[in-house]
Amino acid sequence: MMPPALQIILAALLDQLCGDPRWLPHPVRLIGSAGNGLENLFRKTGLPLQAAGILTLFLLLALSGGTVLLLLYGAQCLHPLAAAVMAILILYTTIAARDLASHSRAVYDALQARDLAEARRRVGMIVGRDTDQLSEEEVARAAVESVAESMVDGVCAPIFYAFIGGPAAAMLYKTINTADSMFGYKNNRYREFGWAAARLDDLANFIPARITGLLVPLAALLLRLDAGSSWRIFWRDRKKHSSPNSGHGEAAVAGALGIRLGGGSIYFGRLVTKPTIGDARQPTAAGHILAANRLMLLTMWLTLLLLSSFSLFFF
């Protein structure tokens, strides 16, 4: 039997080697398609919107978790090695470190080429705000914020749940996160329907977000960034974010880089002013995108090391 910790480490390595091949039907895209179908189905039933959203989420979780268990069972029937390979492949699809780094690096490349229009377009692919009027500094800030926030739900949280319950748990987490990204909006259409998805996503990210925030200062120390400020800003600003979880990683990254995140952004033509996180010791620049990527990747490996050690000593 291949140890589960080794399976997770190999999955992380596979993500670094391959990323997300666009020609493969990625599970998140399949979950999204299923979510759209279930939403349309339950909205037509006449059920209260909150109940319809709960049923949609429950069936999505049952479909994704059940599919993973069936795949693992089928592989195990063939051979234990086939089951291990299947587990690694499933785990690999839940980790998005390389894609996160690649998309943000594309923004950096456009800024370095002095192509602000292309940088705006590229950052618009990874953030929800309006990007067509952003300055160079605002583009860089948006990219850094995306990396800092996504290192939890795209990297560290799937790894955490992989250690807790294997491929099925990691995929259930990705289902919750995908459902929140689809339905967790505070607007008239989704305020009631997406209530369950948003609350469950908050709960699922509670521990991983705090582990991430605590490990970023260590990553900053190893990378010779400002670990002291990372630790200080983490404790000072981590609760400023509107999300109960997103501020932890953002605060630690902002402190490590000596920049300020948050502030005003335009969403669907409306100015939304968020609390600021970090101290603006310097303007946010393209180079901070690469530094944020390095922090994200090293934090991933520190998470793997921590959880692997924990599983070795306690299980």
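See the structure printed just above.
In this text the structure is predicted, and so the values were computed from the model without any measurement.

Draft legend 1. Just unusual backbone geometry, in detail. We note that Arg 114 has phi near 60 degrees; this positive angle belongs to a residue other than glycine. Topologically, Arg 114 is positioned in the loop between helix H5 (97-112) and helix H6 (116-123). Residue Arg 114 is classed as exposed on the basis of its relative accessible area, which comes to 65%. Of note, the phi angle at Arg 224 is positive, near 60 degrees, even though the residue is not glycine. Structurally, Arg 224 can be placed in the loop between helix H8 (195-222) and helix H9 (227-237). For Arg 224, a relative accessible area of 79% puts it in the exposed group.

Draft legend 2. Molecular detail of the pattern of salt bridges. One pass over the structure, following the stated rule, counts 15 salt bridges. A salt bridge links Lys 240 to Asp 237, with the nearest nitrogen and oxygen atoms 3.3 Å apart. Judged by relative accessible area, Lys 240 falls into the partly exposed class, the value being 36%. Taking the relative accessible area as the measure of exposure, Asp 237 reaches 0% and is therefore buried. Ionic contacts of the salt-bridge type, sharing partners, join the residues Arg 232, Arg 236, Asp 237, Lys 240 and Asp 279 into one network.

What counts and how
Residues numbered from 1 in each chain as written. Predicted model: local features only at pLDDT ≥ 70, side-chain atom pairs only at ≥ 80, totals over all residues. Heavy atoms only, no water. Helix = DSSP H or I, 4+ residues; strand = E, 2+ residues; numbered from the N terminus. Buried < 20%, exposed > 50% of the residue type's maximum accessible area, 1.4 Å probe, protein only. Salt bridge = Lys/Arg side-chain N within 4 Å of Asp/Glu carboxyl O.

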